[in-house]
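Single-letter residue listing:
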Amino acid sequence: SSVISSSSASSVISSSSPSSVISSSSASSVISSSSASSVISSSSASSVISSSSRSSVISSSSPSSVISSSSPSSVISSSSRSSVISSSSRSSLASSSARSSVASSVAPANCSYVVLNNWGSGFVGAIRITNRSTTAINGWNVNWSYTGSTRLTETWSAQVSGTNPYTASNVVWNGTILPGQTIELGFKGTHSGTAEIPAVRGSVCN
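Residues numbered from 1 in each chain as written. Predicted model: local features only at pLDDT ≥ 70, side-chain atom pairs only at ≥ 80, totals over all residues. Heavy atoms only, no water.

**Q** Lay out the sheet that holds strand E13 (residues 109-118) with the relevant residues and their values.
**A** Overall, antiparallel pairing links the four strands, which are arranged E13-E14-E21-E17 in an open sheet. Pairing within the sheet leaves two strands with one partner each, and these edge strands are E13 and strand E17 (151-156). The mean angle between the axes of side-by-side strands here comes to 25°, regardless of whether they run parallel or antiparallel. Where E17 meets strand E21 (residues 182-190), five bridges bridge the pair, whose relative direction is antiparallel. Across the sheet, arginine 151 pairs through a bridge with threonine 190, a residue of E21. (Pairing = 2+ DSSP bridges. Helix = DSSP H or I, 4+ residues; strand = E, 2+ residues; numbered from the N terminus. Axes fitted to C-alpha atoms, helices over the stretch in contact; angles between N-to-C directions.)

Quick look at the structure:
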């Protein structure tokens, strides 16, 4: 178990202890932790904070902050004037009151659009959602749009709305996607030449 505090002009702090509490008010700080549990706080003029701990609580009031976490569970707070926050945690709560901030979180699923059959003026297609995380997805929705003449005439295994763009959400029996599981929603449509393959977007899509 480690308790580390620094007010040096410049600090480089690294900890792999089972449990770490790290605090720095140095002019410049580089803080890294791979402890099982980490509490990291920095009010340095410039901070670079990285954590791969199983559980992380990270707080920064530095004028400039770069915060990265790959912990399974993260709580990140920044009141820096400029912040870059990145999290690939399974559970993340990121808060920023920075004047300038960039925050990103890796989504839990891969969403792909496939054409299963194409006969010239029509096609059958599907959107496949694969849960690549270690926790179940409970409820999902996706959206997509065509730039050309492609339009849908029939859908199944989802509640679909819109006439381009389209939005689809789960039905009762496929709302939960277990880790490693793939669900598929299908549709039939028309086109004049080429069956377009658009990008699929949604809160669960990577």
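There is more to say after this.
**Q** Could you give an account of the nonpolar core, with specific residues and numbers?
**A** Counting 23 residues, the largest nonpolar core has Ile127, Ile129, Trp140, Val142, Trp144, Leu185 and Phe187 as the members making the most contacts within it. At the level of elements, E13, strand E14 (122-131), strand E16 (141-144), strand E19 (166-169) and E21 are the ones that each hand at least two residues to this core. Non-local contacts of leucine 185, meaning those with residues more than four positions away in its chain, are made with Gly125, Ala126, Ile127, Trp140, Val142, Trp144, Trp156, Ser157, Ala158 and Ala168. Residues Ile31, Ile40, Ile67 and Ile76 belong to the second largest nonpolar core, which totals eight residues. (Core = buried A, V, L, I, M, F, W, Y, C linked by side-chain atoms within 4.5 Å. Buried < 20%, exposed > 50% of the residue type's maximum accessible area, 1.4 Å probe, protein only. Contact = heavy atoms within 4.5 Å.)

**Q** Requested: an account of the environment of serine 7, with residues and values cited.
**A** Secondary-structure assignment places serine 7 in the loop between strand E1 (2-6) and strand E2 (10-15). For the pair formed by serine 7 and alanine 27, sequence separation is 20 residues and the distance between their alpha carbons is 7.8 Å.

**Q** Could you give me a rundown of the pattern of salt bridges, with the residues and numbers involved?
**A** Going through the model one piece at a time under the given rule, you end up with two salt bridges. Across the pair glutamate 184 and arginine 128 runs a salt bridge whose closest N-O atoms are separated by 2.6 Å. In this pair, glutamate 184 sits in strand E21 while arginine 128 sits in strand E14, placing the two residues 56 residues apart along the sequence. One salt bridge connects lysine 188 with glutamate 154, and the closest N-O pair in it is separated by 4.0 Å. With lysine 188 in strand E21 and glutamate 154 in strand E17, this residue pair connects regions lying 34 residues apart in the sequence. Classification of glutamate 154 by relative accessible area gives partly exposed; the value is 40%. (Salt bridge = Lys/Arg side-chain N within 4 Å of Asp/Glu carboxyl O.)

**Q** With reference to specific residues and values, describe the sheet that holds E19.
**A** Spatially, E16-E19-E18 is the arrangement adopted by the three strands of the open sheet, whose pairing is antiparallel. Looking at which strands have only one partner, the edges of the open sheet turn out to be E16 and strand E18 (159-161). Across the sheet, the axes of successive neighbouring strands diverge by a mean angle of 20°, strand direction being ignored. The pairing of E18 with E19 spans three bridges and is classified as antiparallel. Residue pairing across strands places serine 161 opposite threonine 167, the latter belonging to E19.

**Q** Please give an account of the side chain of threonine 150 that cites residues and values.
**A** Note on placement: threonine 150 falls in the loop between E16 and E17. Exposure remark for threonine 150: the relative accessible area of 1% places this residue in the buried category. Once residues lying within four places of it in the same chain are set aside, the contact partners of threonine 150 are Phe123, Thr190, His191, Thr194 and Glu196.

**Q** Describe the state of the cysteines, and please don't skip the residues or the numbers.
**A** Simply put, disulfide is the name for a covalent bond between the sulfur atoms of two cysteines. For the structure on display, the rule yields one disulfide. Each disulfide pairs two cysteine sulfurs, and for cysteine 111 the partner residue is cysteine 205, the sulfurs being separated by 2.1 Å. Taking the sign of the S-S torsion, -90° for the link of cysteine 111 and cysteine 205, the bridge is left-handed. Here the residue cysteine 111 occupies a position in strand E13, and cysteine 205 occupies one in the segment after E21, the gap between them amounting to 94 residues. Residue class for cysteine 111 comes out buried when judged on its relative accessible area of 16%. (Disulfide = S-S within 2.5 Å.)

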